[in-house]
Amino acid sequence: MSNPDKIPPARAMAVEDLTPFEARLEHGDLAAEIAAHDVRYHQQDAPTISDGDYDRLRQRLLAIEAHFPELRSVVAVAVGAKPSEKFAKVKHRVPMLSLANVFSDDEAGDFLDRIRRYLDLDPQAPVALTAEPKIDGLSCSLRYEDGKLVVAATRGDGEEGEDVTLNVRTIKDIPQVLVGSVPAILEVRGEIYMRKDDFAALNQRQEAEGKPVFANPRNAAAGSLRQLDSAITADRPLRFFAYAWGEISEPLPSMSQSGMVEAFGRFGFVTNPLMKRCDTLTDLLAHYRMIEVQRSSLAYDIDGVVYKVDDLALQRRLGFIARSPRWATAHKFPAEQATTSVTAIDIQVGRTGVLTPVARLEPVTVGGVVVSNATLHNEEEIARKDVRICDTVVVQRAGDVIPQVVSVVLEQRKADSIAYDFPKTCPVCGSHAVREADAAGKEDKARRCTGGLVCPAQAVERLRHFVARDAMDIKGFGERQIEAFYRDGLVTRPQDIFTLETRDTGSLKKLKNREGWGETSVRNLFAAIAARRNVTLHRFIFALGIRHVGESTAKLLARHFGTLDALRETALAAREPDSEARKTLTAIDGIGPVMAEALVDFFTEEHNSQAVAELLTYLTLQPPEVVASQSPVSGKTLVFTGALERMSRDEAKSMAERLGAKVSGSVSKKTDLVVAGPGAGSKLADARKHGVEVITEDEWFTLIG
Ligand code: IVH
């Protein structure tokens, strides 16, 4: 529930606007963040964010994966959370499902229409449904055999939950023994929750005892139930509403949803008094409104209204889609909004250089959370909504990880207010910030800092890229080391890498004394750095991290220009869009207008030029090797597969490229030649399928002489 000052800027961007690079970064961050929250929630019972915020993180992760399938990970595939290790596991005999959501009256109507269509009913045919509050707690399954409580389990991942029997036995709302004649096997399901007043009192007590407070009643209920010592649970005011069931032996107590819940009441359970059977959509929506109006005065938190088909025979026919019943849905309350005023507009710079505007707000409570920052997404959004400093604005928390500014209350605008002027330079490093245009001239929504090499906001990312295997390839300089060196001010710019050894000699705090380092590892690092003082031009160009300049573009540029000076001069001269130099750049096969613009932006930024000049005082750049124009493989597309014995894969690749061939990772009908070592699998089969010539490694050497 914290409201950090720093909003991850990339998350303010629509997923479809992310570049693959940004998507990879954000995906990594999200996965790590979610994993950390899972541990805090499931193993430490000390969540630090609300469930809604957690869900939004997961939604964002899934959205990124849907857009960038190569990023799909194990984290996102898992639904819900695996039971933690500390409780015994219970397999649910009938899975515990979740509910689909609707967000408007129209969608509620669609839900009913879908049911009628599925059942092949007349569009006006009456279908009775129950409507009841959606309790914001955690669901629990209680198994009774011959009327006695035998097992209580949390939902877990829906298939398998945690055995919390001992703890549940301490909850007063939950009967140990049922009343009257009940089915021999009866699994009653419902929600364990904490009342708002009990939650407030518990938090007061926690605070007085110097213990951590809970973020909301739901977390308090979950944390209280999942205690290893049931004496602690007994001391916590947990409650239970029964609203569903799992396994039941025949005969059922009733053939309707409402009848079942009434029967649960007779057996000794507490059921929600706001459940109502409705015969029409109008009734259903009227009951929804009635519950919505009462929401804030109810003793417990709710986040919507659940609709369920009343007739169990129809429920059975309707069945399930994926993990939710077709016969039920949750009508969620709309995003909560509040008005407040904008005290300032700050610009945050992300690790990839994107400038994200953030509104600093007069703190206001929205949906139970104090909000003091909200994203304004980007320059266009500020302009579209015309948000100005001192404006009164409507803010909302919903559907996104962070609060948003929805609109400006124009009636309350001050007469002397002026439109916000989006900065054209990076507030962190002062380099110019640009909005790129694509080939069709359409401007990118994001404005980006061009001072990649010098901007502290981007420094760690740039350093990581600089030393990476495909770039400068400095061995022994991993992500963790870079981060630690940056944090301690040892390496904040690429050029610092090359002065590290000299500085270490004169320093009292020697590298070898740092945690995780020793005499040998430091020596190896210095050797790796020294080895890279001599580096090929294309590696250096790629290492600079110029936007849109990937490894193959770097090679292209190296081959075309031969020296860095030649490239820089052309880029500088190409500042004017219709200059000769610009034409020279875009005439290179493989360099389009967007890349040309990026090269111009990079080299015209004074800070970058200085950094490059400084780097060159430490480095000797190797000109590209001349590509043999006439080799047996020039112009051909090759694939290497299987284990190569006389050369590494990288060696094979660069050898082929030197000979003018293109190396691809997969075999298609465009492939001219496959070089296969032992153990070649599917690529060999593909080659056969496409009738592509296959040769051995030895034959390869004979071929190229
Ligand atoms: S019915 C097969 N009724 O909502 C459907 N669920 O999103 C079973 N919940 O895991 C659920 N109040 O924790 C149902 N009145 C209610 C509910 C309710 C809260 C929760 C429950 C479930 C989640 C599904």
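Turning next to empty space enclosed by the protein. Across all of its chains, the model carries 3 cavities of 30 Å³ or more by this definition. Taken as a whole, the largest cavity spans an internal volume of roughly 170 Å³. What lines the largest cavity is a set of 15 residues, among which C449, T450, R462, R547 and D601 lie closest to the centre. Elements with a minimum of two residues in the lining of the largest cavity: strand 20 (447-449) and helix 22 (593-604).

What follows is about the sheet that holds strand 5 (residues 148-154). Judged by pairing direction, the sheet is antiparallel, and its 4 strands sit side by side in the order 5-4-7-8 without closing on themselves. Unpaired on one side and paired on the other, strand 5 and strand 8 (238-248) mark the two borders of the sheet. The sheet shows a mean angle of 30° between the axes of neighbouring strands, taken without regard to direction. Across the face of the sheet, helix 7 (residues 217-225) comes into contact with strand 4 (138-145), strand 5, strand 7 (185-194) and strand 8 while running at roughly 125° to strand 7.

Its place among the elements puts Q294 in helix 10 (residues 281-294). In this structure Q294 comes out as partly exposed when scored by relative accessible area, which is 25%. Residues Q294 and P175 lie 119 residues apart in sequence; the distance between their C-alpha atoms is 29 Å.

All right, on to helix 13 (residues 459-467) then. Three or four residues apart is the spacing at which side chains of an α-helix point the same way, because the helix has 3.6 residues per turn. With 8 of its 9 residues buried, helix 13 lies for the most part within the structure. Of the residues making up helix 13, those classed as buried are A459, V460, E461, R462, L463, R464, F466 and V467.

All right, on to the site of the ligand then. Close to the ligand lie 13 residues, the nearest being E132, I135, E191, Y243 and K308. Here a nitrogen atom of the ligand and a backbone polar atom of I135 are 3.0 Å apart. Between the ligand and the protein, one listed contact pairs a nitrogen atom with a side-chain N or O atom of Y243 at 3.4 Å. In isolation the ligand offers 530 Å² of accessible surface; the protein chains occlude 87% of this area. For the shell around the ligand, the elements supplying multiple residues, two or more each, are strand 3 (129-135) and strand 10 (302-309).

Per-chain confidence: the chain averages 88 in pLDDT, with 93% of residues scoring 70 or above. Residue range residues 1-6 is modelled with pLDDT below 50. Its contacts to residues more than four positions away, or to other chains, number 18 contacts. For the stretch residues 74-83, pLDDT sits under 50, and the model shows 21 contacts to residues farther than four places along the chain or on other chains.

This next bit is on the pattern of salt bridges. Overall, the coordinates contain 45 salt bridges when judged by the stated rule. In this structure, R464 engages E461 in a salt bridge whose closest nitrogen and oxygen atoms are separated by 3.4 Å. With a gap of 3 residues between them, R464 and E461 both fall in helix 13, about one helical turn apart. Given the relative accessible area of 16%, R464 is considered buried. Look at E461 and you get buried, because its relative accessible area is 5%. Shared partners join several salt bridges into a network, and the residues in it are R93, R143, E145, E187, R189 and E247.

So, about unusual backbone geometry. Negative phi is the rule for most residues except glycine; trans is the rule for most peptide bonds. Cis geometry is found at the peptide bond from E250 to P251, where omega equals -10°. Relative to the helices and strands, P251 is located in the loop between strand 8 and helix 9 (257-267). The backbone of D473 sits at a positive phi, close to 55°, despite the residue not being glycine. Here D473 is to be found in the loop between helix 13 and helix 14 (479-487).

The mixed open sheet is built from 5 strands, whose spatial order is 2-13-10-3-9. Edge positions in the open sheet fall to strand 2 (101-102) and strand 9 (276-278), since each of these has one partner strand only. Against the sheet, helix 4 (residues 105-118) touches strand 2, strand 3, strand 10 and strand 13 (328-332), its axis set at about 175° to strand 13.

Definitions and limits used
- Residues numbered from 1 in each chain as written.
- Predicted model: local features only at pLDDT ≥ 70, side-chain atom pairs only at ≥ 80, totals over all residues.
- Heavy atoms only, no water.
- 1 Å grid on protein atoms, 1.4 Å probe; cavity = no way out; pocket = protein on both sides within 12 Å on 5 of 7 lines; lining within 4 Å.
- Points joined across faces, edges and corners; volume = space filled by probe spheres on them.
- Helix = DSSP H or I, 4+ residues; strand = E, 2+ residues; numbered from the N terminus.
- Pairing = 2+ DSSP bridges.
- Axes fitted to C-alpha atoms, helices over the stretch in contact; angles between N-to-C directions.
- Contact = heavy atoms within 4.5 Å.
- Buried < 20%, exposed > 50% of the residue type's maximum accessible area, 1.4 Å probe, protein only.
- Near = heavy atom within 4 Å.
- Polar contact = N/O pair within 3.5 Å; in protein donor to acceptor, adjacent residues only side chain to side chain.
- Areas by Shrake-Rupley, 256 points an atom, 1.4 Å probe, with all protein chains shown as cover.
- pLDDT = per-residue confidence, 0-100.
- Salt bridge = Lys/Arg side-chain N within 4 Å of Asp/Glu carboxyl O.

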